[in-house]
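Observations on the three-dimensional arrangement
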Amino acid sequence: MSTEPEPESVTVEFTVNGETRRVDIPPRRTLADVLREDLHLTGTHLGCEHGVCGACTVIVDGDPVRSCLMFGVQVSGAEIETVEGLALPDGSLNDLQRSFSEHHGLQCGFCTPGMLMLGTAYVRRAVAADRASVREVVSSNLCRCTGYQGIVDAVCDLVCSGVEATITPDPRGNGEGEALDTPVPAGES
Amino acid sequence: MTRIGHSVPRLEDRRLLTGTGHFVDDLHLPGTAHMRIVRSQHAHGRLVSVDTSGAAALPGVVLAVGARGFNRVPRIPIRLQLTEDTLEEYLQPVLAEDEVRYVGEPVAVVLAEDPYLAEDAAEAVAVDIEPLEPVLDAAGDGATRATTLEFGYGDIGEAFTSAAHVVEIEVAIGRHAAVPLENRGLVAELDPDTGVLTLHGLTKVPHFNRRVLAEMLGMDLELIRFTTTDAGGGFGGRGELYPEDCLAALMATQLKRPVKWVEDRGEHLVASNHSRQQVHRLRAAVTAEGDLVGLDAEIIHDNGAYMRTHGVTVAELTATMLPGPYRLAAYRARVGVMLTNKTPAGTYRAPGRYEGTFARERLLDTIAAELGMEPVEVRRRNLLVAAELPLNRGLATLGTEVVIDAGDPIGLFERTVAAAEFDRWGGGPTGPDPDIRRGRGIGVFMEKSGLGPYETARAELGDDGRVTLAVGGTSLGQGIETVMAQIAADRLGLDPSDITVIHGDSDRVPDGVGSWASRSTVVGGVAVARAAAGLAAEITSLGASRLGTSAEAAKLDSGRVVDTATGRSVDLAEVASEARRQGRTPGVDEVFHVDHMTYPYGVHLAEVEVDAGTGGVAVTRYFVGYEIGRSVNPRLVEGQLLGGVAQGLGGALLEEFRYDENGQPLSTTFMDYLVPTAMEVPDGIGLLVSEEWPADNDLGVRGAGEGGITGVGAAVANAVADALGDPTAARSLPVEPQRVVRELEGGGTG
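These numbers come from a predicted model, not from an experiment.

Some remarks on the overall build of chain B
- The helix and strand inventory of chain B stands at 18 helices and 29 strands.
- Against the 2.2 N^0.38 benchmark of 27 Å for 750 residues, chain B shows a C-alpha radius of gyration of 27 Å, consistent with a compact globule.
- Dimensions of chain B, computed from the C-alpha atoms along their principal axes, are close to 80 × 75 × 50 Å.
- Burial status across chain B gives 64% buried among its 750 residues.
- In chain B, 81% of the contacts between residues at least 6 apart in sequence involve partners at least 24 apart.
- With an accessible surface of roughly 24700 Å², chain B has 48% of that area assigned to carbon and sulfur atoms.

Right under this line is the structure:
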């Protein structure tokens, strides 16, 4: 139990969906809570808070990460992308979002933001993937509603045909050639 | 125009894909106090004292209190009261008073300015519990028998005396649960000026919960308002009235400021309803040819520490649905509803049917093995044929008679095994690894859907000419907004996206029965169809008077009322303005009553590969045949079936709440409680959605919510036993690697 006063907050500057933010963050506050509570970006969801379910997946400097396992103070200077930044500038859904809807890759929608961010990081790098490798990447996150078939179909639609998809670009330029920290199918990395 | 039967895009998708959904934890009200529950760390014990003084002294703490710290509130009553005995003494208090009965039981509540501080403070509450011996085995001596249920028909004695064979098995279903991806949560807010208590986030049965809360808190019903939020999956577990919900409401009325409670996953896994855990001892009387003529079932149902809102629902459904879609002359079932020192149990998708289907289908495969028949042959001999329906089972469940309304179970079975090419599944070695054994299994099942007693709907035309639908069902992520809009659009000749669907808000929907028991489309859909048809007539008549013609000479077409003689037309905004001119509010209320359920049925087929070295089971092929009556949105039906299969695989192979000998839960994270990932669900699950036997309602629909899960445990376990070539194998769910290895080593049945 903790009876000591909380340590001082640290002012941290980072970018979220292209916008620079400065936030006073207590050292023990998770990135997920910073996004949800301080920045009111509540599209990022918390399903387990121990890094298994992946509902809280956001992209930090190009990599999909569990925002429940990262402290807010760790993202100083980082480029963060959340589900709120996915739609096209005119507000219409991007290819991946549309594909999720077309393939019924969501029901309750709680895992969806995490799946979309995982999928975004993957789609940016995957070239001519197959269903098995998509399935393995999707297995990083949990979905309790769909049975995954619609999610796999939705992601595969963008990466299995060999045709490049139009997806929200990596704000840092091109992420090609970097390894993905989430499970990458054998032969893919 | 028909909008029914088309896979129209979901109205819910846009907000959920853009991060603008509205889940309960997304609600940030100014001045919110964050509630954290202090839970018992002992499975059983005498609650000596709860000292909250240390917590109350911490910075940012608003209140810390145990059961003795405030006036007693009544225990949470049973929502589905199915027995004469009210089981009052087994109901759960909102906070433990003198005794704790499971690890996770609420013993105190802490409120703080910030959720982090609330967690700190909860750890500073000193709880003194004098441990008592826990009871963990529902079949053992110490378990309390809350009640015994008995059902049956026919001459069971005669069936067994005249039988050529008597086949017996004992099977066990593991403790697992709904486990939606969003944890439970609630925001309670008291308006100090009006005295209205608003509750955000209690989805599923808001109107029932509202009535119960009013009674428990001693408040006028009119002073309690429920509003809706998006919900991250329900599956039976979410939205029942839990102790934490009552506490949040109570604290909001005491503190007169908003109270937010959102549990974490560790809490969810010990505090939200568990389900499924049962032991079945089945005896079958069988003729020399393999006809099932009698079934005698002795079932032990482990309900955990208390009777919660579902009461004996799961136990009753298990027994009353156990015969499935089979011909059965004589039947007897006894269910002991037992209490143990584990998390209390309630329903989980296909309650009682997942369990009973597993037991019965394992029995049928055992009969096949003992009589030297093929598993498909035993089903062919015993499945009901179309001419036998409707069939009154002589059983009652959920207050209704079990009358299997219409259908052709044997026909669907034949079509399903043919479509899947089941005869080519399983069998023999799979490749170079001699340890890999392949098997196939069947799980035939009967579901029930469309429970009454009624559902409400209101369709109205707004001032702007937009149609709003207020429905008594609620959204748990299943797509109810889309489906209800489709049905109304069909009757109104509009596009589903022209219709706004309101649900779960007690101000906008004064009464409703809610979303559970695969009832929303079947019962709520009919209410919507009738309300929308009524509104269409009203719109036509108003439009006609605007056009200066008679209602008979006008028709409603694609959002316009047209004078069929002249071709002149008005749009719905003009109709709305005509209504205002006449001082009318175009709107139709419908309450659709129904006193019987409709019984869909289906067939699950599984193929597995069992690794004899590790005991690991991989599901390689899967197929579901299901009689839906009629699909409103085929893609959503498929989604329900596929999602159900994945959940069923969890219960069949992975998910189990385990306890150590002291009653300490061992499955308190997603590292220990294994929800299937995309790697455990086979690719390309086959579906045969049959629409051959419409139900006898306006839409012909049968429920789709549960048939995807019902037969999974059965089909997978049968496939494992087939792969091992041992009919006595795989008699416990989940079929875990260590059990498979034990069975292979001849160490007895699992």
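After that view, the rundown keeps rolling.
Some words on the environment of A:Phe100
- In this structure, A:Phe100 sits in helix 2 (residues 95-102).
- Each C-alpha atom of the pair A:Phe100 and A:Val159 lies 13 Å from the other, and the pair is 59 residues apart in sequence.
- Apart from residues lying up to four places away in sequence, A:Phe100 is in contact with A:Gly105, A:Leu106, A:Thr112, A:Met115, A:Leu116, A:Ile151, A:Ala154, A:Val155 and B:Leu17.

Looking at the nonpolar core
- Counting 166 residues, the largest nonpolar core has A:Phe100, B:Met307, B:Tyr622, B:Val716 and B:Val720 as the members making the most contacts within it.
- In terms of residue count, helix 17 (residues 712-724) of chain B provides more of this core than any other element does, nine residues in total.
- With sequence-adjacent residues up to four places away left out, B:Val716 is seen in contact with B:Ala606, B:Val608, B:Val619, B:Tyr622, B:Leu649, B:Ala652 and B:Leu653.

Overview of the environment of B:Arg635
- Note that B:Arg635 resides in helix 15 (residues 634-654).
- Assessed through its relative accessible area of 36%, B:Arg635 is described here as partly exposed.
- Along the chain, B:Arg635 and B:Val483 lie 152 residues apart, while their C-alpha atoms are 11 Å from each other.
- In this structure, B:Arg635 is in contact with A:Glu102, A:His103, A:His104 and B:Ser7, ignoring residues within four places of it in sequence.

Here's the deal with the interface of chain B and chain A
- In this complex, chain B contributes 57 residues to the contact, which on the side of chain A involves 53 residues.
- Of the roughly 4600 Å² buried where chain B meets chain A, counting both sides, 56% is carbon and sulfur surface.
- For the pair chain B and chain A, the number of links is six salt bridges.
- Residue A:Arg135 pairs with B:Asp683 through a salt bridge whose shortest N-O separation is 2.7 Å.
- Inspection of the region where chain B meets chain A yields 30 residue pairs in polar contact (both at pLDDT 80 or more).
- For the side of chain B that touches chain A, the secondary structure elements donating two or more residues are helix 1 (13-17), helix 3 (115-123) and helix 15 of chain B.
- Among the elements that line the side of chain B that touches chain A, the one with the most residues is helix 15 of chain B, at eight residues.

Side note on the packing of aromatic side chains
All names here are of chain B.
- Taken as a whole and assessed by the stated rule, the structure comprises six aromatic pairs over all chains.
- Taking the centre distance of 6.0 Å and the plane angle of 50° together, the rings of Tyr 153 and Tyr 331 count as tilted. In this pair, Tyr 153 is assigned in strand 7 (residues 144-153) and Tyr 331 in strand 15 (residues 330-339), connecting sequence segments 178 residues apart. Grouping residues by exposure puts Tyr 153 and Tyr 331 together as buried.
- A cation over an aromatic ring shows up here: Arg 283 above the ring of Phe 160, its NZ or CZ 4.2 Å from the ring centre.

A word on the sheet that holds strand 10 (residues 197-200) of chain B
All names here are of chain B.
- Read from one edge to the other, the open sheet built from seven strands follows the order 3-5-1-12-9-10-11, with strand pairing classed as mixed. The open sheet has two edge strands with one neighbour each: strand 3 (61-66) and strand 11 (224-227). This sheet shows a mean twist of 20° between the axes of neighbouring strands, independent of strand direction.
- The sheet contact formed by strand 1 (residues 33-39) and strand 5 (residues 106-112) spans six bridges and is antiparallel. Pairing of Val 38 across the sheet is with Ala 108, part of strand 5.

Brief notes about the packing of helix 9 (residues 353-371) of chain B against helix 17 of chain B
Residues and elements named next belong to chain B.
- The interhelical angle for the contact between helix 9 and helix 17, taken along N-to-C directions, is 30°, at an axis separation of 7 Å. Here helix 9 is positioned roughly parallel relative to helix 17, judged by the angle of their axes. The handedness of the crossing between helix 9 and helix 17 is right-handed. Counting all contacts with helix 9, which are made through Tyr 354, Thr 357, Phe 358, Glu 361, Arg 362 and Asp 365, the residues of helix 17 involved are Val 712, Gly 713, Ala 714, Ala 717, Asn 718 and Ala 721.

Here's the deal with the sheet that holds strand 3 (residues 57-60) of chain A
Residue and element names in this part refer to chain A.
- If you walk across this open sheet you meet the five strands as 2-1-5-3-4, and the pairing is mixed. Edge strands, defined here as strands with exactly one partner in the open sheet, are strand 2 (19-25) and strand 4 (63-66). Strand after strand, the sheet turns through a mean of 40° between neighbouring axes, direction not considered.
- Across two bridges, the pairing between strand 1 (residues 10-16) and strand 5 (residues 79-81) is parallel. Note on strand 5: the bridge partner recorded for Thr 15 is Glu 79.
- Contacts between helix 3 (residues 112-125) and the sheet are confined to strand 3, strand 4 and strand 5, with strand 3 contributing the most and set at about 40° to the helix.

What about the side chain of B:Asp245?
All names here are of chain B.
- On the secondary structure map, Asp 245 appears in helix 6 (residues 243-255).
- In this structure, Asp 245 is buried with no salt-bridge partner, the nearest side chain bearing the opposite charge being Arg 184 at 5.4 Å.
- Beyond its immediate stretch of four places on either side in the chain, Asp 245 contacts Leu 186, Leu 202, Glu 240 and Trp 261.

So, unusual backbone geometry
All names here are of chain B.
- Here Leu 389 and Pro 390 are connected by a cis peptide whose omega angle stands at 0°.
- Relative to the helices and strands, Pro 390 resides in the loop between helix 10 (375-382) and strand 16 (391-397).
- The omega torsion across Leu 733 and Pro 734 is -5°, close enough to zero to call that bond cis.
- Turning to its location among the elements, Pro 734 is positioned in the loop between strand 29 (732-733) and helix 18 (737-744).
- One non-glycine residue, Leu 398, lies in positive phi territory at about 50°.
- Along the chain, the position of Leu 398 falls in the loop between strand 16 and strand 17 (400-404).

As for the state of the cysteines
Residues and elements named next belong to chain A.
- Taken as a whole and assessed by the stated rule, the structure comprises one disulfide over all chains.
- Through a disulfide, Cys 156 is tied to Cys 160; the S-S separation comes to 1.9 Å. Torsion about the S-S bond of the Cys 156 and Cys 160 cystine: about -95°, corresponding to left-handed handedness.
- By relative accessible area, Cys 160 is classed as partly exposed at 27%.
- Not part of a disulfide, Cys 53 finds its nearest cysteine sulfur in Cys 48, a span of 3.9 Å.

Comments concerning helix 1 (residues 31-38) of chain A
- In terms of residue burial, helix 1 of chain A counts as a mostly covered element, since seven of its eight residues are buried.
- Of the residues making up helix 1 of chain A, those classed as buried are A:Leu31, A:Ala32, A:Asp33, A:Val34, A:Leu35, A:Arg36 and A:Glu37.
- Each element contacted by the buried residues of helix 1 of chain A is listed here: strand 1, strand 2, strand 3 and strand 5 of chain A together with helix 3 of chain B.
- Just past helix 1 of chain A, the residue A:His40 takes up positive phi, approximately 55°.

A short note on the side chain of B:His34
All names here are of chain B.
- By the element assignment, His 34 lies in strand 1.
- Classification of His 34 by relative accessible area gives buried; the value is 14%.
- Excluding anything up to four places from it in sequence, His 34 contacts Val 110, Leu 111, Ala 112, Glu 113, Asp 114, Pro 115, Ala 118 and Lys 260.

Details of the packing of helix 10 of chain B against helix 11 (residues 409-420) of chain B
Residues and elements named next belong to chain B.
- In the contact formed by helix 10 and helix 11, the axes pass within 9 Å of each other and the chain directions differ by 155°. Between helix 10 and helix 11, the angle falls in the class roughly antiparallel. Between helix 10 and helix 11 lies a crossing whose hand is left-handed. Within the contact between the two elements, helix 10 uses Val 376, Arg 379 and Arg 380 and helix 11 uses Ile 410, Phe 413, Glu 414 and Val 417.
- Looking at the contact of helix 10 with helix 11 residue by residue, the classes come out as four nonpolar, no polar and three charged.

Conventions and cut-offs
- Residues numbered from 1 in each chain as written.
- Chains lettered and ligands numbered in written order.
- Predicted model: local features only at pLDDT ≥ 70, side-chain atom pairs only at ≥ 80, totals over all residues.
- Heavy atoms only, no water.
- Helix = DSSP H or I, 4+ residues; strand = E, 2+ residues; numbered from the N terminus.
- Rg over C-alpha atoms; globule rule 2.2 N^0.38 Å.
- Buried < 20%, exposed > 50% of the residue type's maximum accessible area, 1.4 Å probe, protein only.
- Contact = heavy atoms within 4.5 Å.
- Areas by Shrake-Rupley, 256 points an atom, 1.4 Å probe, with all protein chains shown as cover.
- Core = buried A, V, L, I, M, F, W, Y, C linked by side-chain atoms within 4.5 Å.
- Buried area = accessible area lost by both parts, 1.4 Å probe.
- Salt bridge = Lys/Arg side-chain N within 4 Å of Asp/Glu carboxyl O.
- Polar contact = N/O pair within 3.5 Å; in protein donor to acceptor, adjacent residues only side chain to side chain.
- Phe/Tyr/Trp six-rings, centres within 6.5 Å; stacked < 30°, edge-to-face > 60°.
- Lys NZ or Arg CZ within 6 Å of the ring centre and 35° of its normal.
- Pairing = 2+ DSSP bridges.
- Axes fitted to C-alpha atoms, helices over the stretch in contact; angles between N-to-C directions.
- Parallel < 35°, antiparallel > 145°, perpendicular 65-115°, else oblique.
- Left-handed = near helix turned anticlockwise from the far one by under 90°.
- Lys, Arg positive; Asp, Glu negative; His and termini not counted.
- Disulfide = S-S within 2.5 Å.
- Nonpolar A, V, L, I, M, F, W, Y, C, P; charged D, E, K, R; others polar.

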